[in-house]
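Summary of the model geometry
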Amino acid sequence: MVVRVATDERPFETPSSDESGLGRSDSPSEDTEPEAALVVPPDGGWGWMVVFASFMCNFMVDGIIMTSGGQLLTLIKDDFQISESQVTLVNSLLAGFYLLAGPFVSALANKYGFRVVTIIGSLISSSAFALSYLATSVEYLYMVYGVIGGIGLCMIYMPAVLTVGFYFEKWRALATGLALCGSGVGIFAMAPITSKLIHDYQWRMTMLIQAGMLLTCIVFGAMFRPIKPVRVTLADQPEEEDTARRHEEAVEKLNSMLKLHSKLDSGISMPPELRFTNKVSPHTWMGVANNTRYPTAEEVFRGSNSHISNSHIRRSSANAGAIKNTLGNKPMFIDVPVAEKDEQEDSNSNIDNTEPLIGSAVKVHIPSKTHQHHHNQRRSHADLVARPLYRDDIFFGASLTRLPQYTSRTSLGYHLAVTHVPTKEDAQEETSGKCRFCPEAVRRALATMLDVSLFKSPTFVVLAVSGFFTMLGFFVPYMYVAKRASANNMPDSATEWLVSTIGIANIVGRILCGLVSSVPKVSPLWLNNIALTAGGIACMVSGLCFYSSYQYGFCTVFGLAVACFASLRSILVVEYLGLEQLTNCFGLFLLFQGLGALLGAPIAGMIYDSTKSYDIAFQVSGVFLLFSALMCYPVDRISRWEKSRSKMNTSPKV
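Keep in mind the model is a prediction, meaning the values are calculated, not measured. (Residues numbered from 1 in each chain as written. Predicted model: local features only at pLDDT ≥ 70, side-chain atom pairs only at ≥ 80, totals over all residues. Heavy atoms only, no water.)

1. Some remarks on the overall build of the chain
Rule in force here: Here a helix means four or more residues in a row that DSSP labels H or I, a strand means two or more in a row labelled E, and each is numbered from the N terminus. Here's how the labels work: a residue is buried when its accessible area is under 20% of the maximum for its type, exposed when over 50%, partly exposed in between, all with a 1.4 Å probe on protein chains only.
On a plain count of helices and strands, the chain comes out with 26 helices and five strands. Residue burial in the chain is summarised as follows: out of 654 residues, 57% are buried.

What follows is the structure, given as C-alpha cells:
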C-alpha cells in the first residue's frame, strides 16, 4: 500500500492553548508522537447496504414532504375553517425546519454519529406525526407537525446524505446519485399512495400511517454502521534520543509561534510566505474556531519534521506486506486494530491500488496481536476519533476527480489532506463518558457551518441569496399543481400523477446532470443557470393550457430544473470558493434555503386568498426561480474580481 503526502511549503506551526485555543491538538511533545485518525472509504462491501438505507430514508422523507401539501392541506383547511395562507404554513414549517435544522443536526452527527442521530430523528418525527392525530387547532399542527416533525425529518435526511460520502471514494458520484434518487422515487410513489390514504382515511389517519412509515427509518438508520478509523503515526525511534529531539522541536515551534502571533496582533504587515496559515482565534461565538483553522492530518506530519526525505520507493518483502516511507527518517505506519480488521478489508484493498508517492514512500502496518498488545500499553485505540465534519469534502457528492486535491495525490494522501485533526480535549470527551451540554465536536461543527465571515465574500452572498429565491418558488408546484388542474376540470386520473411526474423527472435530471457535469468542457454554472431559467419560465407559462400533455410537460421541465439545482450546488461552491470552504458554505446555504422554503408557500397562499387564482401564484413562483438564475449569471466574473482583489490585498507591499 502506498500513500502520497503532499509536500507544499506552507508553514505549519503548533499553537499553544493560551494563544490560539489549538494547543489541545495532537502535536509533537514528549508524550505523544504526531498521529491522525483517518477514515478510508471501503468503496463497496457494506457501503452498498448504506446506499440502500440512504435511498430509503430519502424515499420516506422527501416523499412525505413533497406530496403532503395538496389534498392533505385542503382537508385541514376545511376542518379548522382557516384561510389558504394559514394552512400552507403547516407544510411550509415542515419543509422549512427540515432545512433550517441542518447545521445543528450535522453538528450532532459529528459528535454522536450518523446511526444514533438517524434513529433518534425517526422516533421524533414519527412521534410528531402520530401526535398530530390529536390536533384541535392549526396552531397545534404548526408546532407539533411543522416544527418538531421538520426537525425530526432533518435528523433522518442529513445523516442519510452525508454517510454515503464517508463510505465511497472512487464510486462516490454513483453511490450518492443512487441514494439521492430515493427522493425522486419517493415523490413518484408517495403521491398516489398519499392520495389514496387521504381519500380512504381522511387527514388524521393519514398522518398516523405516515408516522408508522417513518418508524421504518430506525431499521435503515441502524444500517449506517460506522467505519472504524485507522491511526497514521510515525514509528518509534530509540526512545531517549527521539523524545529529546521531539521536545526540542516542540519548544522551538512554540517560540516561533509566539513571536509570530505577537507580530500579527500588533498589526505589522507580514509577507505572505510568513503568514501563519493555521492561526486560530479563540474569540468566536462558539468559543472555538471553525474547522479550516485547525491543521489537517497532512500538516501534522509535515509539521512534525521540516525535512521530508526524497528516498525512492522500495518494495518490502511479502511478509512485511507494505511499502516503506520515511518522513524525516521515520517510517510512517497505518495501525488497524485487530478487532476492526474485518471492517477494514475493503478499505485496505482500495488503498493497495493507489499510485506511488512523489518523493517519499510509506509503510502501512496492520499489527499482529502481539504488536497490538504492545501498542495498547503505549496508547489505547479507544481514543481514535474521526469526525465526519472535520473532512473538507463531506458535503461533496460529485466525482472526486473534479478535485485537484484528489487528482494530484494518491488515495490515502488525499484523505490526509482533507481531514482536520481533533484536539486532545475532543478525544478525551469521546473516551471520558462524561456528558457535556455542548461538546467541542458540536461547537466546532457549528462554528464551521455558521461561519459569518463568509458574508465578506460577494460570490458566497450571490449564491446564498440565489438559493433563497430558488426555494421561495420551489414548493409551489408540488403543493398546487394538482389543485390547479382539478380546478380547471382535468380528470382526476390525470391530476393524480402530476406530482409523480415531477418525481420521475427529478430522477432523470439527477442522472443526466451528473453525467453532463462530469464533462470537463461543460460549465456547472451555466448548466445551473439554464436549468433554473427554464424552470422559472415553465412556471410562468404553466397556466396557458390545461391539456394533460401540456401539464405533464410542465412538470417534466420543472422536475429537471430543480434536480440540476440540487445536484450542482456543492460543485459550484468548490469551483468558485474552494473545497476548504464547502462545509462552511453549506451550513449557511441550508439556513437561506430553509428560510425560503418557510416563506414560499405562505406567500403563494396569500396570493391565492387575495386573487382566487392559482395561476398568479405560479407566475410569482416562476419569477422567483428566474430571478435566482439571473443572479447567478455574473458569478464567474464576480469570483474572478474577488480573487484578484484578494491577491492584491495579500501581495507584499514595497
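2. So, the side chain of K111
Here is the rule we go by: In this description, contact between two residues means that some pair of their heavy atoms is separated by no more than 4.5 Å.
Its place among the elements puts K111 in helix α5 (residues 102-112). For K111, the contacting residues outside a window of four places in its chain are R387, E429, E430, P439, A441 and V442.

3. Quick look at the packing of aromatic side chains
Any two aromatic rings considered together are summarised by their centre-to-centre distance and by the angle between their planes. To keep it simple, the criterion reads: In this scheme Phe, Tyr and Trp rings, the latter by its six-membered ring, pair at centre separations within 6.5 Å, and the angle between planes marks the pair as stacked below 30 degrees, edge-to-face above 60, and tilted otherwise. For a lysine, the NZ atom is tested; for an arginine, the CZ atom; a charge sits over a ring if that atom is within 6 Å of the ring centre and within 35 degrees of the ring normal.
Evaluation of the coordinates by the stated rule reveals 24 aromatic pairs. Seen from their ring centres, F469 and F624 are 6.2 Å apart, and the 45° between their planes marks the pair as tilted. Taken together, the residues F469 in helix α18 (residues 458-474) and F624 in helix α25 (residues 614-632) connect sequence positions 155 residues apart. For the pair formed by F469 and F624, the shared burial category is buried. Ring pairs connect the aromatic residues F474, F475, Y478, F554, F558 and F618, which therefore count as one cluster. Across from the ring centre of Y390, 3.7 Å away, lies the NZ or CZ of R444, which sits over that ring.

4. Quick notes on the nonpolar core
Formally: Buried residues of nine kinds, namely Ala, Val, Leu, Ile, Met, Phe, Trp, Tyr and Cys, make up a nonpolar core once their side-chain atoms join them within 4.5 Å.
Counting 145 residues, the largest nonpolar core has I65, I76, L141 and Y478 as the members making the most contacts within it. Residues in contact with I76, not counting those within four places in the same chain, are V87, L141, W203 and M207. Judged by nonpolar contacts, the second largest core, of 10 residues, contains L38, V232, F301 and L412.

5. Overview of the pattern of salt bridges
Quick reminder of the rule: Take a side-chain nitrogen of Lys or Arg and a carboxyl oxygen of Asp or Glu: if they are within 4 Å of each other, that pair is a salt bridge.
All chains considered together, the criterion is met by nine salt bridges. A salt bridge links K77 to E84; the shortest N-O distance between them is 3.2 Å. Look at K77 and you get partly exposed, because its relative accessible area is 22%. Of the charged contacts in the structure, one is a salt bridge between R484 and D615, with a shortest N-O distance of 3.3 Å. You can see R484 sitting in helix α19 (residues 476-487) and its partner D615 sitting in helix α25, a full 131 residues away along the chain. Residue classification places R484 among the buried positions, given a relative accessible area of 1%. It is possible to trace a salt-bridge network through shared partners that takes in K77, E84 and K483.

6. Digging into the packing of helix α6 (residues 114-131) against helix α7 (residues 138-167)
For clarity, the threshold we go by: Note on definitions: angles span 0 to 180 degrees between N-to-C directions of axes, and those axes are lines fitted to C-alpha atoms, for helices only across the stretch in contact. Here is the rule for angles: anything less than 35 degrees is roughly parallel, anything more than 145 is roughly antiparallel, 65 through 115 is roughly perpendicular, and the remaining ranges are oblique. Crossings are classed by handedness, with left-handed meaning an anticlockwise turn of the near helix from the far one by less than a right angle and right-handed meaning a clockwise turn. As a working rule, the residues Ala, Val, Leu, Ile, Met, Phe, Trp, Tyr, Cys and Pro are called nonpolar, Asp, Glu, Lys and Arg charged, and the rest polar, with Gly in that last group.
For the pair α6 and α7, interaxial distance at closest approach is 8 Å and the crossing angle is 155°. Between α6 and α7, the crossing angle belongs to the class labelled roughly antiparallel. Seen along the crossing, α6 lies across α7 with a hand that is left-handed. Taken together, the residues of the contact of α6 with α7 break down into 17 nonpolar, seven polar and no charged.

7. Structural notes on the packing of helix α2 (residues 47-67) against α7
With their axes 9 Å apart at the nearest point, α2 and α7 run at an angle of 150° to one another. With respect to α7, the axis of α2 lies roughly antiparallel. The two elements α2 and α7 cross, and the hand of that crossing is left-handed. Across the interface between the two elements, G47, V50, V51, S54, C57, N58, V61, D62 and I65 from α2 touch L153, I156, Y157, A160, V161, T163, V164 and Y167 from α7. When the residues that make up the contact of α2 with α7 are grouped by side-chain class, the tally is 12 nonpolar, four polar and one charged.

8. Some thoughts on the environment of V516
By the element assignment, V516 lies in helix α21 (residues 498-517). Classification of V516 as partly exposed rests on a relative accessible area of 33%. Residues V516 and L527 lie 11 residues apart in sequence; the distance between their C-alpha atoms is 8.7 Å. Look past the residues within four positions of V516 in its chain and what remains in contact with it is V522 and L527.

9. A short note on unusual backbone geometry
Positive phi, close to 70°, is recorded for N489, a residue that is not glycine. Topologically, N489 is positioned in the loop between α19 and α20 (492-495). Using a relative accessible area of 71% as the deciding quantity, one classes N489 as exposed. Its identity is not glycine, yet K612 carries a phi of approximately 55°, on the positive side. Its place among the elements puts K612 in the loop between α24 (582-611) and α25.

10. Some points on the environment of A604
With respect to the helices and strands, the residue A604 is situated in helix α24. In this structure, the C-alpha to C-alpha distance between A604 and Y614, residues 10 residues apart in sequence, is 8.2 Å. In contact with A604, not counting residues within four places along its chain, are V476, Y480 and A617.

11. Re α19
Where we set the bar: Helix span, expected: 1.5 Å multiplied by one less than the number of residues in the helix.
Between its terminal C-alpha atoms α19 stretches 16 Å, which fits the 16 Å expected from 12 residues at 1.5 Å a residue. Counting buried positions along α19 yields nine of 12 residues, so the element is predominantly enclosed.

12. A word on the confidence of the model for the chain
So the rule is basically this: The predictor's confidence in any single residue is recorded as pLDDT, a number from 0 to 100.
Per-residue confidence for the chain gives a mean pLDDT of 76, with 72% of residues at or over 70. Counting interchain partners and residues more than four positions distant, the pLDDT-below-50 stretch residues 235-240 has 10 contacts.

13. A word on a nonpolar patch on the surface
What counts is decided by this rule: Every patch collects residues that have over 30% relative accessible area and no salt bridge, joining them within 9 Å if they carry like charges and within 5 Å if they are nonpolar side chains (Val, Leu, Ile, Met, Phe, Trp, Tyr). Accessibility throughout is a Shrake-Rupley quantity obtained with a 1.4 Å probe, and a residue counts as covered only by protein chains that appear here.
A contiguous nonpolar surface patch, about 660 Å² in accessible area, is contributed by F188, W497, I504, V508, I511, L512, L515 and V516. Top contributing element to the nonpolar patch by residue count: α21, with six residues. With respect to the helices, strands and loops of the structure, I511 is situated in helix α21. Since its relative accessible area comes to 46%, I511 is described here as partly exposed.

14. Remarks on the side chain of S126
By the element assignment, S126 lies in helix α6. If near-sequence neighbours (up to four positions away) are discounted, S126 is found in contact with A211, L214 and L215.

15. Topic: helix α23 (residues 548-577)
Definition in use: The bend at a residue is defined as the angle formed between two axes, one fitted to the seven residues ending at that residue and one fitted to the seven starting there.
With 30 residues, α23 ought to run about 44 Å at 1.5 Å a step, and its terminal C-alpha atoms sit 43 Å apart, in line with that. Of all the bends found along α23, the most pronounced is centred on L568 and spans about 45°. One or two positions beyond α23, positive phi appears at G578, with a value near 100°.

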